[in-house]
Amino acid sequence: MKTVLITGGTGLIGRQLSKLLSVKGYAVSIFTTSGRSSDGFKCFRWDPSSGTMDAQAVAEADYIIHLAGANIGEKRWSQDRKRAIVDSRVKSGELLFQAFLKNPGRLKAFVTASATGYYGAVTSQKIFTEDDAPESDFLGETCRRWEETAGLFENAGIRTVKIRTGIVLDKTDGALARLLVPMRLHVGSALGSGSQFMPWIHLNDICGIYLKAIEDVAMKGAYNAVAPQHTTNLEFTAAVAKTSGRTLWFPNVPAFVLKAIFGEMSAIILEGSRVSADKIMKAGFNFEFPELNPALENLLNEKQKA
Ligand SMILES: NC(=O)c1ccc[n+]([C@@H]2O[C@H](COP(=O)([O-])OP(=O)(O)OC[C@H]3O[C@@H](n4cnc5c(N)ncnc54)[C@H](OP(=O)(O)O)[C@@H]3O)[C@@H](O)[C@H]2O)c1
């Protein structure tokens, strides 16, 4: 049985991915800083900020999926928070690499999360592909440095895959769950101009892409992980309202209000571009949810009935 080590396996993606990998016959182990519950999967403790880890986790791994990182949308971006966002991804990756160098024989692939923020917080009609350069804003720079960690493994001859993830849709956690709170109170509305794009992906599909990244030896380098349908914030908000049986009564939340509340971090909700899903589809990935309305129906209604 092959072992997959997931860093940050207690998070939104990691929890679902652990279950999927387990069903597919993999042994799953998890690196956690907090020791949070992980549905019975084997847990190893680490603390990238102090450079400590149980190196046995890496020695036992056939594959590493590096999801760990301080949440990008959880707190205002003070200088300390920005440092935590970067270090929790980059220093942790370097720590994994040091452990790998001590036991290099077993690892077959290193797969790291990245984000569509690689292309920057910009609103435009351009469709970004994996060949585009990183933007020089905070998120672009963070993603560039995050992906460089994978380069350490790549230079050591390990197959590496970088998953540039859009907004992951799940009902209980993440961006959709946060949007549902005002929606249920009938005060949901679009943000800023509403014309910014929201590259999104259903939780099942992002987990499917990670599974493919492990199993498909032809996958190498960066892949955008976004649904092929391009959706603006206004379209997205209207679709969520409709699927959850609500009406959008209120005008868009003005950009200046969001900037006052969230500071620099408001860029991640006020800006957004179109991102291409062509490369991952050409690699043979079939989206379970390529379109928004069925994705929302599945998350907001079908699970409720179950
Ligand atoms: N969800 C999205 O919409 C989305 C979009 C684009 C990119 N991504 C990226 O994909 C990855 C997984 O996403 P997710 O939504 O599952 O994230 P998440 O729910 O925030 O989980 C990330 C995990 O990282 C660990 N972590 C938090 N702070 C850490 C720190 N300072 N040092 C080391 N580990 C830390 C936590 O696990 P422990 O407490 O157990 O250590 C946490 O469960 C993240 O890197 C995220 O940025 C996600």
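As the structure is a computational prediction, the values presented were derived from the model and not from experiment.

**Student:** Summarise the nonpolar core; cite the residues concerned and give the values.
**Tutor:** Counting 43 residues, the largest nonpolar core has Leu 21, Ile 65, Ile 163, Ile 206 and Tyr 210 as its most contacted members. A per-element tally of this core places helix α6 (residues 203-215) first, with 8 residues. Residues within four places of Ile 206 in sequence aside, it is in contact with Ile 13, Ile 163, Thr 165, Val 168, Ile 201 and Ala 225. Among the nonpolar cores identified, the runner-up in size contains 19 residues, and Ala 57, Leu 96, Phe 97 and Ala 99 belong to it.

**Student:** Describe the sheet that holds strand β11 (residues 221-225), naming the residues involved and giving the relevant values.
**Tutor:** Taking strand neighbours across the sheet as the criterion, the 8 strands line up as β4-β3-β2-β1-β5-β6-β8-β11 in an open arrangement whose pairing is mixed. The open sheet terminates on both sides in strands that have one partner only, identified here as β4 (52-53) and β11. Taken together, the 7 bridges between strand β6 (residues 109-115) and strand β8 (residues 159-165) define a ladder with parallel strand orientation. Residue pairing for β8: Ala 113 is matched across the bridge by Ile 163. Helix-sheet contacts for helix α1 (residues 12-23) involve β1 (3-7), β2 (27-32) and β5 (63-66), and the interaxial angle to β1 is about 175 degrees. Lying over the sheet, helix α3 (residues 79-102) contacts β1, β2, β3 (42-47), β4, β5 and β6, oriented at roughly 170 degrees with respect to β5.

**Student:** How would you explain the pattern of salt bridges if you had to name every residue and give the values?
**Tutor:** Taken as a whole and assessed by the stated rule, the structure comprises 13 salt bridges. In this structure, Lys 126 and Asp 132 form a salt bridge, with 3.0 Å as the shortest nitrogen-oxygen distance. Of the residues examined, Lys 126 reaches a relative accessible area of 40% and is grouped as partly exposed. Here Asp 132 falls in the buried class, since its relative accessible area comes to 18%. Its salt-bridge partner being Arg 144, residue Glu 148 comes within 2.4 Å of it at the nearest N-O pair. Linking Glu 148 with Arg 144, this pair stays in helix α4 (residues 138-155), spanning 4 residues, or about one helical turn. The partly exposed category is assigned to Glu 148, whose relative accessible area is 46%. Overlapping salt bridges bring together Asp 62, Arg 106 and Lys 108 as one network.

**Student:** Describe α1, listing the residues and the values that go with them.
**Tutor:** Compared with an ideal rise of 1.5 Å per residue, which puts 12 residues at 16 Å, α1 spans 18 Å between its outermost C-alpha atoms and is within 8% of the ideal. If you check which residues of α1 are buried, you get Leu 12, Ile 13, Gly 14, Leu 17, Ser 18 and Leu 21. Of the surrounding secondary structure, the elements contacted by the buried residues of α1 are β1, β2, β5, β9 (167-169), α5 (174-184) and α6. Just beyond α1, the residue with positive phi is Gly 25, at close to 95 degrees.

**Student:** So what's going on with the site of the ligand? Which residues, and what values?
**Tutor:** Neighbouring the ligand are 25 residues, the closest being Thr 10, Thr 32, Thr 33, Ser 34 and Arg 36. Gly 11 is positioned with one of its backbone polar atoms (N or O) 3.2 Å from an oxygen atom of the ligand. Protein contact buries 82% of the 880 Å² of open area that the ligand shows by itself. Counting only elements with at least two residues in the shell around the ligand, the list comes to α1, α3, β6 and β9. Considering each element in turn, the shell around the ligand owes the most residues, 3 residues, to β6. Residue classes in the shell around the ligand are distributed as 11 nonpolar, 12 polar and 2 charged.

**Student:** Got a sec to walk through the environment of Asp 131? Specific residues and values, please.
**Tutor:** Residue placement: Asp 131 occurs in the loop between β7 (127-128) and α4. A sequence separation of 92 residues divides Asp 131 from Tyr 223, and the C-alpha atoms of the two residues are 9.8 Å apart.

**Student:** Give a description of the packing of α1 against α6 that names residues and reports values.
**Tutor:** Relative orientation of the contacting elements α1 and α6 amounts to 60 degrees, with a least axis distance of 9 Å. Considered as vectors, α1 and α6 are oriented oblique to each other. Crossing hand, α1 versus α6: right-handed. The segment α1 lies against α6, with Leu 12, Ile 13, Gln 16, Leu 17, Leu 20 and Leu 21 engaging Leu 203, Asn 204, Ile 206, Cys 207, Gly 208, Tyr 210, Leu 211 and Ile 214. In the contact of α1 with α6, the residues fall into 11 nonpolar, 3 polar and no charged.

**Student:** Before we move on, can you summarise the packing of α3 against α4 with the specific residues and values?
**Tutor:** For the pair α3 and α4, interaxial distance at closest approach is 9 Å and the crossing angle is 5 degrees. As summarised for this structure, α3 and α4 are arranged roughly parallel, according to the angle between their axes. Along the contact surface, α3 presents Lys 82, Ile 85, Val 86, Arg 89, Val 90, Gly 93, Glu 94, Leu 96, Phe 97 and Phe 100, while α4 presents Phe 138, Thr 142, Arg 145, Trp 146, Thr 149, Leu 152 and Phe 153. Considered class by class, the residues forming the contact of α3 with α4 number 10 nonpolar, 3 polar and 4 charged.

So, how was this worked out
- Here the residue index of a chain counts from 1 through its sequence in written order.
- Local features in a predicted model are, by the rule used here, given only for residues with pLDDT of at least 70; side-chain atom pairs are given and counted only at 80 or more, and totals for whole chains, interfaces and linings are based on all residues.
- Here the side-chain values reflect all heavy atoms present in the structure, with hydrogen atoms and water set aside.
- We call a set of buried residues a nonpolar core when its members are Ala, Val, Leu, Ile, Met, Phe, Trp, Tyr or Cys and they connect through side-chain atoms within 4.5 Å of each other.
- Only protein chains enter the accessibility calculation, which uses a 1.4 Å probe; a residue is then buried when its area is under 20% of its type maximum, exposed when over 50%, and partly exposed in between.
- Only runs of H or I of at least four residues qualify as helices and only runs of E of at least two qualify as strands under DSSP, and these elements are numbered from the N terminus.
- The contact definition used throughout considers only heavy atoms, calling two residues in contact when any of these lie within 4.5 Å.
- Strands pair, by our definition, only if DSSP identifies at least two bridges between them.
- Geometry is summarised by axes, namely lines fitted to C-alpha atoms with helices restricted to the contacting stretch, and by angles between N-to-C directions that run from 0 to 180 degrees.
- Each reported salt bridge corresponds to a side-chain nitrogen of Lys or Arg within 4 Å of a carboxyl oxygen of Asp or Glu.
- A helix is expected to span 1.5 Å for every residue after the first.
- A cutoff of 4 Å decides nearness: a residue is near a molecule or strand if any of its heavy atoms lies inside that distance of it.
- Two N or O atoms form a polar contact when they lie within 3.5 Å of each other; inside protein one atom must be a possible hydrogen donor and the other a possible acceptor, and for residues adjacent in sequence the pair counts only when both atoms belong to side chains.
- Residue-level accessible areas treat just the shown protein chains as cover; the underlying method is Shrake-Rupley with a 1.4 Å probe.
- Put simply, Ala, Val, Leu, Ile, Met, Phe, Trp, Tyr, Cys and Pro go in the nonpolar bin, Asp, Glu, Lys and Arg in the charged bin, and everything else, Gly too, in the polar bin.
- Our angle categories are set so that under 35 degrees counts as roughly parallel, over 145 as roughly antiparallel, 65 to 115 as roughly perpendicular, and the remainder as oblique.
- In a left-handed crossing the near helix is turned counterclockwise from the far helix by less than a right angle, and in a right-handed crossing that turn is clockwise.

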